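Reading the structure
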Amino acid sequence: MGYGYIGKKVRLQRILRDGKAVIFAFDHGVEHGPADFPGETIDPRKILSKVVDVVDAIMLLPGMANLTHEVWAGKVPLIVKVTSKTSLRPEQEKLLQSPFGFVEDVVALGAEAVAATVYWGSNFEDQMLKMWFEVKREAERYGLPALQLSYPRGPAIKNMYDVEVVRYGVRAAIESGADLIKTYYTGSTESFRRVVEVAAGVPVLMSGGAKAKTLLDFLYVVKSVMDAGAQGVVVGRNIFQHENPRGAAKAIMAVVHEGYSPEEALKMAEQ
Ligand SMILES: O=P(O)(O)OC[C@H]1O[C@](O)(COP(=O)(O)O)[C@@H](O)[C@@H]1O
């Protein structure tokens, strides 16, 4: 066995310090485009500088990691996503992600983990799996944990948030060697408990999703998945689209790490 196993453990420990993590996802510039960044949030350095000393890790695409390294380097663990796609694609090609960087770039950037998406159930599942295992093979060589965005989506999937569908995606994720899994909220603590259960101990993190009506609403969802045994959340829009991104990040950290109630945590955001 190579030394990679040790590297993975060391790096996972830097992300999940107390076994939990709030990861700030900021790869929307490609998946959704500039429309996701109202007002001053269009400035990536400004947004990142508000959260790098609050969250446990940030997830960026390689080019953005390079562009903003003065803001995050040495302050917060970095996760680099090496797959992506734009929403400019023709409808029938939207359930395919393409390579968006290489694992050696991830290592060169000093990252603690690599991330890649798999749309389980997509017409392009085959290509996405080939891409996943390319990434996984390199990640193992370099001792990098691999975060899988396990997103079940496809013509046979009526409701991608359905607990049976999300469970399937998480089970497939652990069978494909994911060291960390990010997946959708299934709407309740008891249903999400069944998602965590199927991960057989691989850390499950909930994907934030579109901005909730209020931060309090979102904090209830965070509390719900933590009560279900999740190891944390990966959040983008519910932090950077909030009028006080720093406060929103602090509130989410308080629920995930300190077990604050949503109401108590909300006060952190108002400070
Ligand atoms: O696939 P979707 O729902 O358009 O969202 C993709 C985005 O959601 C994420 O997975 C998580 O970010 P959000 O918390 O904003 O949903 C991002 O990494 C990604 O850019």
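Residues numbered from 1 in each chain as written. Predicted model: local features only at pLDDT ≥ 70, side-chain atom pairs only at ≥ 80, totals over all residues. Heavy atoms only, no water.

**Topic: the site of the ligand**
Among the 17 residues in the neighbourhood of the ligand, the closest are listed as Asp27, His32, Tyr151, Lys182 and Arg237. Histidine 28 places a polar side-chain atom, nitrogen or oxygen, 2.7 Å from an oxygen atom of the ligand. Within the side chain of arginine 237, one N or O atom sits 2.6 Å away from an oxygen atom of the ligand. Relative to its free-state accessible area of 470 Å², the ligand is covered by the protein chains to the extent of 90%. The class makeup of the residues in the shell around the ligand is 6 nonpolar, 6 polar and 5 charged. (Near = heavy atom within 4 Å. Polar contact = N/O pair within 3.5 Å; in protein donor to acceptor, adjacent residues only side chain to side chain. Areas by Shrake-Rupley, 256 points an atom, 1.4 Å probe, with all protein chains shown as cover. Nonpolar A, V, L, I, M, F, W, Y, C, P; charged D, E, K, R; others polar.)

**Some words on the UniProt feature "active site" (unreviewed entry) in the protein chain**
Those places that UniProt annotates as "active site" (unreviewed entry) correspond, in this numbering, to Tyr151 and Lys182. Spatially, the listed residues are clustered: although they cover 32 residues, their C-alpha atoms lie within 8.2 Å of one another. Looking at the secondary structure, you find tyrosine 151 in the loop between β7 (146–150) and α8 (163–175). Overall, tyrosine 151 belongs to the buried group, its relative accessible area being 9%. If we ignore the near neighbours within four places in the chain, the residues touching tyrosine 151 are Thr117, Val118, Tyr119, Trp120, Lys182, Thr183, Tyr184 and Ser207. Inspection of the secondary structure assignment puts lysine 182 in strand β8 (residues 180–183). Leave out the neighbours within four places in its chain, and lysine 182 touches Ala25, Met59, Leu147, Gln148, Leu149, Ser150, Tyr151, Leu205, Ser207 and Val234. (UniProt positions renumbered as here; feature names shortened; annotations may be inferred. Helix = DSSP H or I, 4+ residues; strand = E, 2+ residues; numbered from the N terminus. Buried < 20%, exposed > 50% of the residue type's maximum accessible area, 1.4 Å probe, protein only. Contact = heavy atoms within 4.5 Å.)

**Observations regarding the packing of helix α10 (residues 215–227) against helix α12 (residues 245–258)**
Between two packed helices, the angle of one axis relative to the other and the distance separating the axes together describe the packing. Running from N to C, α10 and α12 cross one another at 25 degrees; their axes reach a closest spacing of 9 Å. What the angle tells us is that α10 and α12 run roughly parallel. As α10 packs across α12, the resulting crossing turns out to be right-handed. Within the contact between the two elements, α10 uses Leu215, Phe218, Leu219, Val222, Lys223 and Met226 and α12 uses Ala248, Ala251, Ile252, Val255 and Val256. Considered class by class, the residues forming the contact of α10 with α12 number 10 nonpolar, no polar and 1 charged. (Axes fitted to C-alpha atoms, helices over the stretch in contact; angles between N-to-C directions. Parallel < 35°, antiparallel > 145°, perpendicular 65-115°, else oblique. Left-handed = near helix turned anticlockwise from the far one by under 90°.)

**Some details on helix α3 (residues 44–51)**
Along α3, the positions that sit buried rather than exposed are Pro44, Ile47, Leu48 and Val51. All buried residues of α3 project into a common sector of 95 degrees when viewed along the axis, lining one side. Here the buried face of α3 lies against β1 (21–25), β2 (57–60), α4 (62–67), α5 (69–72), α11 (237–240) and α12. Sitting at the head of α3, aspartate 43 places a side-chain oxygen 2.9 Å from the backbone nitrogen of arginine 45. (Arc of directions from axis to C-beta.)

**Quick word on the sheet that holds β1**
Read around the barrel, 8 strands follow the order β1-β2-β3-β6-β7-β8-β9-β10 and close on themselves; strand pairing throughout is parallel. Each neighbouring strand pair of the sheet contributes to a mean axis angle of 25 degrees, computed without reference to strand direction. Bridging between β7 and β8 involves 3 bridges; their strand directions are parallel. Bridge pairing in β8 links glutamine 148 to isoleucine 181. Relative to the sheet, helix α1 (residues 4–15) contacts β1, β2, β3 (78–81), β6 (113–118) and β8, its axis offset from that of β1 by approximately 85 degrees. Contacting β6 and β7, helix α7 (residues 125–142) crosses the sheet at an angle of about 170 degrees to β6. (Pairing = 2+ DSSP bridges.)

**Here's the deal with the packing of aromatic side chains**
Here the structure, examined in full by the defined rule, presents 8 aromatic pairs. Note on phenylalanine 24 and phenylalanine 26: the rings are 5.3 Å apart at their centroids and 25 degrees apart in plane angle, and the pair reads as stacked. Exposure class is identical for phenylalanine 24 and phenylalanine 26. Each is buried. The interplanar angle of 20 degrees and the centroid separation of 4.7 Å between the aromatic rings of tyrosine 151 and tyrosine 184 together place this pair among those described as stacked. Of this pair, tyrosine 151 sits in the loop between β7 and α8 while tyrosine 184 sits in the loop between β8 and α9 (189–198); the two residues are 33 residues apart in sequence, bridging distant segments of the chain. A connected cluster of aromatic rings, assembled from ring pairs, spans Phe24, Phe26, Phe37 and Phe240. (Phe/Tyr/Trp six-rings, centres within 6.5 Å; stacked < 30°, edge-to-face > 60°.)

**Focus: the environment of histidine 242**
For histidine 242, the position within the fold is in the loop between α11 and α12. Overall, histidine 242 belongs to the buried group, its relative accessible area being 12%. Contact partners of histidine 242, with chain neighbours within four places excluded, come to Lys211, Leu215, Arg237 and Ala248. In this structure the side chain of histidine 242 is engaged in a polar contact, spanning 2.9 Å, whose partner is the backbone nitrogen of asparagine 244.

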